[in-house]
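Working through the structure, step by step
Listed below, chain by chain, are the residues.
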Amino acid sequence: MSQKNATDQQSAMNQQSSEFDSLVPVAMIVAMAKNRVIGVEGKLPWYLPEDLKFFKRITQAKPLVMGRKTFTSIGKALPNRLNVVVTRNAAFSHDGVRVCHDLPAALALADQQATIEAAEEIMVMGGGEIYRQALPFAQRLYITEVDIEVKGDATFPDFDPSGWQEVQRVAGQPAEGQPRYDFVVYERIAD
Ligand SMILES: NC(=O)c1ccc[n+]([C@@H]2O[C@H](COP(=O)([O-])OP(=O)(O)OC[C@H]3O[C@@H](n4cnc5c(N)ncnc54)[C@H](OP(=O)(O)O)[C@@H]3O)[C@@H](O)[C@H]2O)c1
């Protein structure tokens, strides 16, 4: 990306982030390879049951925000929490999900629900396009850092490590033949 495009994108994000002020903190949850790859042809690049359990535990009873492609790859609403799907398609609908046509609207809806239910945080759960747009709003990142490089077509955005503090790192317990991975939590350092 050229310097000008990067600056334009950053100022668009700054403008967008002023359009949404959450009561409840926004968190993002992702499993990412060393080269930042998170997905390939609409699927996860790996099968890590322990990470799926971690995802289920951390997102339990918290509103979820996801892109339409991530929703399509799962195929159904995840139970026991609000599922908000972001799409530009005005005709999109699916049982068990709320649909929004831009990210600030999706975060606002999730924020309202989280406030009513006293949920600790809103969980942005991908994919790459949505992580990129939601990063300026995020206060906490749950990243499963998978110790492999894989080819893929979806990535997690590069974030400036000086703006984030690692507050937790727990080694996963991969089964034989699985890559090593750590469950890492980062919190945004206040300005
Ligand atoms: N490793 C992980 O933890 C993880 C987590 C989640 C997903 N993934 C992977 O990531 C991949 C999917 O990521 P992706 O980047 O391709 O897609 P995505 O972010 O899941 O969804 C992109 C879609 O969201 C909608 N969208 C995006 N920005 C929008 C906006 N500003 N306003 C309205 N709608 C908007 C559009 O839907 P329409 O096309 O319908 O308009 C767009 O095509 C899959 O391979 C999935 O398995 C991995």
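Just so you know, these numbers come straight off a predicted model, no measurement behind them.

**So, the pairing of strand β7 (residues 138–146)**
Where strand β1 (residues 26–33) meets β7, eight bridges bridge the pair, whose relative direction is parallel. Residue pairing for β7: A27 is matched across the bridge by R140. Where β7 meets strand β10 (residues 181–188), seven bridges bridge the pair, whose relative direction is antiparallel. Its bridge partner lying in β10, E145 is registered against D182.

**Some points on the sheet that holds β10**
Strand order in the open sheet formed by eight strands is β5-β4-β3-β6-β1-β7-β10-β9, and the pairing between neighbours is mixed. Sheet topology places β5 (98–100) and β9 (164–171) at the edges, where each strand pairs with a single neighbour. The average undirected angle you get between the axes of adjacent strands in this sheet is 25°. Sheet strands in contact with helix α2 (residues 49–59) are β1, β3 (64–67), β6 (122–124), β7 and β10, and its direction is about 175° off that of β1. Each of β1, β3, β4 (83–86), β5 and β6 is contacted by helix α4 (residues 103–117), which is oriented at about 175° to β4, the strand it contacts most.

**Describing the confidence of the model for the chain**
Of all residues in the chain, 90% have pLDDT values of 70 or greater, and the mean over the chain is 92. Ignoring residues within four places in sequence, the model shows residues 1–15, a span with pLDDT below 50, making two contacts including any to other chains.

What counts and how
Residues numbered from 1 in each chain as written. Predicted model: local features only at pLDDT ≥ 70, side-chain atom pairs only at ≥ 80, totals over all residues. Pairing = 2+ DSSP bridges. Helix = DSSP H or I, 4+ residues; strand = E, 2+ residues; numbered from the N terminus. Axes fitted to C-alpha atoms, helices over the stretch in contact; angles between N-to-C directions. Contact = placed C-beta atoms within 7 Å. pLDDT = per-residue confidence, 0-100.

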